[in-house]
Amino acid sequence: MADCIFCKIAQHEIPSSIVYEDEQCVAFKDLEPQAPVHVLVIPKKHVESVLALTDADRALVAHILVDVVPQLARELGVAEKGFRVVANTGDEGGQSVKHLHFHLLGGRSLQWPPG
Ligand code: DGP
């Protein structure tokens, strides 16, 4: 999608620190890390948010959450102690980039409730 920063990252049109990539998704380091480990996992296709997901996206979401996130958590060294997966959605949910992304945060003790 034109003017979507995460589409541009997925298409390698702007630089990012990519830690994982396959045909369906890409994971890269967050520009403003909130924890020692903070990566974003995004679908390559443009989906605005969790609310825009459809039946056709079931396999994509399962791939991200069943395959990619646990693998990354292990590779990045946070699987054993624990980590958080967050999909901020909409304005009050704190979503600033309107391309579905899963934050993977870890490497420190995370507080609850979030701010
Ligand atoms: P959210 O607030 O949930 O929409 O999270 C968006 C995140 O994206 C935020 O933590 C900062 C990050 N971000 C925004 N623009 C860029 C960028 O150009 N590159 C990278 N690596 N991260 C970005």
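Look above for the structure.
Below: a short report on this structure. (Residues numbered from 1 in each chain as written. Predicted model: local features only at pLDDT ≥ 70, side-chain atom pairs only at ≥ 80, totals over all residues. Heavy atoms only, no water.)

1. So, the overall build of the protein
Stated formally: Secondary structure counts use DSSP, requiring at least four H or I residues in a row for a helix and at least two E residues in a row for a strand, with both numbered from the N terminus. Just to be clear, the radius of gyration here is over C-alpha atoms, and the globule rule we use is 2.2 Å times residues to the power 0.38. Accessible area is worked out with a 1.4 Å probe on protein chains only. A residue is then buried under 20% of its type maximum, exposed over 50%, and partly exposed in between. It only takes one pair of heavy atoms within 4.5 Å for two residues to be counted as in contact. In this tally Asp and Glu are treated as negative and Lys and Arg as positive; neither His nor the chain ends contributes. Charge positions are represented by NZ for Lys, CZ for Arg, CG for Asp and CD for Glu.
Counting secondary structure elements, the protein contains 2 helices and 5 strands. The order of α-helices and β-strands along the protein, N terminus first, is α-β-β-β-α-β-β. A compact globule built from 115 residues would reach a C-alpha radius of gyration of about 13 Å, and the protein, at 14 Å, matches this within 12%. For the C-alpha atoms alone, the extent of the protein along its principal axes is close to 35 × 30 × 30 Å. Every one of the 115 residues in the protein was classed for burial, and the buried ones make up 37%. Taking all contacts inside the protein whose residues are at least 6 apart in sequence as the whole, residues at least 24 apart take part in 53%. In the protein, 10 positive and 15 negative side-chain charges are present, and the distance between their average locations comes to 6 Å.

2. Regarding the pairing of strand β3 (residues 37-43)
Remember that side chains alternate between the two faces of the sheet whenever the strand is regular. Worth spelling out the cut-off: Between any two strands, at least two bridges found by DSSP are needed for them to pair.
Taking burial as the measure, the 7 residues of β3 include 7 buried ones, the bulk of the element. Residues of β3 alternate between two faces, with Val 37, Val 39, Val 41 and Pro 43 on one and His 38, Leu 40 and Ile 42 on the opposite face, all of them buried. In this structure, strand β2 (residues 25-29) lies alongside β3, joined through 5 bridges in antiparallel fashion. Residue pairing for β3: Phe 28 is matched across the bridge by Leu 40. Of the pairings in the sheet, the one linking β3 to strand β5 (residues 102-106) comprises 5 bridges and is antiparallel in character. Following the sheet pairing, Val 41 is matched in β5 by Phe 102.

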